[in-house]
Amino acid sequence: MSTGNAINLSSRQQNFKQLSLSTLCKSIAISGLILFLFYSFLYSHPYKRSTNLFMPFIEHKEPASSNNHTPNPPTDLGHIVFVLLGSVNTWKYRKHYIESWWRKNITRGHLWLDAAPTGELVPWPSTSPPFRVNEDITRLDVNPKSVVQIRMYHSILEAFRVENNKDVKWYVMADDDTLIFVDNLVELLGTYDHTKYYYIGTNSESIHSNAYISFDMGYGGAGYALSYALVEALASEIDRCIQRYKHLFFSDYISQSCSADLGVDLKIEKGIHQIDLRGDISGLLSSHPSSPLISLHHFDAIDPIFPSKNRSESINHLMKPAKFDQSRLLQQTICYHRQSNWTLSISWGYSAHIYQSIFPRSFLRRPLETFRPWQKGRPPFFMFNTRWMSNNPCEAPHVFFLESVIESNNVGRYQVVTNYTRSSPGNLPICLSNGNHSANPIYKIQVFSPSTGRKEAGRIECCDVKYVAGEDTVDVKLRACMKGEMLA
């Protein structure tokens, strides 16, 4: 290659490098401008909520909700619609059950009847829930033997239609002889999201009843709750569902089946009680689970729950402590007076037991089998463990029942004082193996508890015992359990 050609080639390469560098700079500048305009457009676009930068023009949609409700504000009694099921033939005998907890102008819902009230049922008292008469469901192709049960289940749809569903979060089904503790119910339902499908209830206490009907069913007498979202979904399907299950003879079984077909199974809560038991249920009520008490049912099938009182008087008596503090009602607290080798078991607002031995909570949380099975047959009978009654003075309790409840002010500290007295004279022999420490002289047990704030659901409390030998009264003060404190 000649020198001239070499010079020309070198000159062209130099010019090319200058041109390439100039072109590259312009390209970068243009690309940067394009990207700037692109992102400026993207973040000013009405669909900028999309978090996918590669799909900027696809609208981002929130997951579909069953209704327009949100979990806030916190659930209160006005968010719950009660669907109470009754009959004109039984209402006059059962109305005192509902009226004991119904709060005029506060609780919401209706008593659904099979016919319009007449005779002694009118005028309708303001202390009772407002009533409505069920639709004629004979238009549906159903078994005539199932009409009553289908009427009861169909009340869900009728309630949904007549209610102003603004702010409704829950529908609660119950019978006209069901006692409901509404403060505890509100707190319980507040732990669930009503915008999702929920079916909350309980089984029967009877193994035989569950085996005969269903272990997966919320028993209607005990009461069960359906979230608004679930009722809204069921509303358009109930008539078809009734046709599908017209061979079933129990309204709560139909309810369970229809909910199951929507993919919703029963959520069991232990504070809801069907009371498929007979006789004296004081053993059960004296060892209630640590779950808050929500409901009690079947009062016509059991003995009055307080000695020397009839059923109506017993219900009113139980509602006295309920008006002070439902969070503690029937909650079992165990404590000890070790100088006397005594164990005290307090069922707040109902009963107190003194045992002349030291027993751990793991033993005393089992109910004494004071009751009989719902149905005759072969054991096992119950869905829970029990303790057999015993005449052994080292095992049998001295039993005290609620006498009164008051609020006291002790040096600026407000307390609720519940008093429990003997149901019968103390005549148990001494437990010789534990020393000469008879509890026969004790006539009254006073229990002091805080009057401010609700007890945390599911958390047990501990207590301290004050007793002077020879006196007839024992004082018990409830308190929070200390870290690592053993009840044994």
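Our subject in this report is the structure included herewith. Being a predicted model, the structure only gives us computed values, none of them experimental. (Residues numbered from 1 in each chain as written. Predicted model: local features only at pLDDT ≥ 70, side-chain atom pairs only at ≥ 80, totals over all residues. Heavy atoms only, no water.)

A few words now on the sheet that holds strand β7 (residues 224–227). Spatial strand order, β3-β2-β1-β4-β7-β6-β8: seven strands in an open sheet with mixed pairing. A single partner strand is all that each edge strand has here, and the edge strands are β3 (131–133) and β8 (267–268). Of the strand pairs in this sheet, strand β6 (residues 199–201) and β8 are connected by two bridges, and their pairing is parallel. Opposite Ile-200, over in β8, you have Lys-267 as the bridge partner. Together, β1 (80–85), β4 (170–175), β6 and β7 form the strand contacts of helix α4 (residues 182–189), whose direction differs from that of β1 by roughly 125°. (Pairing = 2+ DSSP bridges. Helix = DSSP H or I, 4+ residues; strand = E, 2+ residues; numbered from the N terminus. Contact = heavy atoms within 4.5 Å. Axes fitted to C-alpha atoms, helices over the stretch in contact; angles between N-to-C directions.)

A side chain of one charge can pair with a side chain of the opposite charge when the charged atoms of the two come close. Going through the model one piece at a time under the given rule, you end up with 17 salt bridges. Notably, a salt bridge pairs Arg-139 with Asp-239, separated by 3.6 Å at the nearest N-O pair. Taken together, the residues span a long stretch of sequence, with Arg-139 in the loop between β3 and α3 (147–162) and Asp-239 in helix α7 (residues 238–244) at a distance of 100 residues. For Asp-239, a relative accessible area of 22% translates into the label partly exposed. For Arg-244, the salt bridge is made with Asp-261, and the minimal N-O distance between the two is 3.2 Å. (Salt bridge = Lys/Arg side-chain N within 4 Å of Asp/Glu carboxyl O. Buried < 20%, exposed > 50% of the residue type's maximum accessible area, 1.4 Å probe, protein only.)

Interaxial distance between α3 and helix α6 (residues 228–235) falls to 10 Å at its minimum, and their mutual angle equals 100°. When the axes of α3 and α6 are compared, the pair comes out roughly perpendicular. Taken together, the residues of α6 that come into contact with α3 (itself represented by Tyr-153, Ile-156, Leu-157 and Phe-160) are Tyr-228, Val-231, Glu-232, Leu-234 and Ala-235. When grouped by side-chain class, the residues that make up the contact of α3 with α6 number eight nonpolar, no polar and one charged. (Parallel < 35°, antiparallel > 145°, perpendicular 65-115°, else oblique. Nonpolar A, V, L, I, M, F, W, Y, C, P; charged D, E, K, R; others polar.)

A word on the state of the cysteines. If you walk through the whole model with that rule in mind, you get four disulfides. Disulfide pairing places Cys-241 opposite Cys-258 at an S-S distance of 1.8 Å. One disulfide, between Cys-241 and Cys-258, carries an S-S torsion of -110° and so falls in the left-handed class. Here Cys-241, found in helix α7, pairs with Cys-258, found in helix α8 (residues 251–261); they are 17 residues apart in sequence, far enough to count as distant. Of the two residues examined, Cys-241 and Cys-258, each falls in the buried class. Note that Cys-462 is cross-linked by a disulfide to Cys-481, the S-S spacing being 2.0 Å. Judged by the sign of its S-S torsion, about 100°, the cystine formed by Cys-462 and Cys-481 is right-handed. Of the two residues, Cys-462 is situated in strand β18 (residues 462–466) and Cys-481 in the segment after β19 (473–479); the sequence distance between them amounts to 19 residues. Across the chain, the disulfide pattern expressed with sequentially numbered bonded cysteines is 1-2, 3-7, 4-5, 6-8. (Disulfide = S-S within 2.5 Å.)

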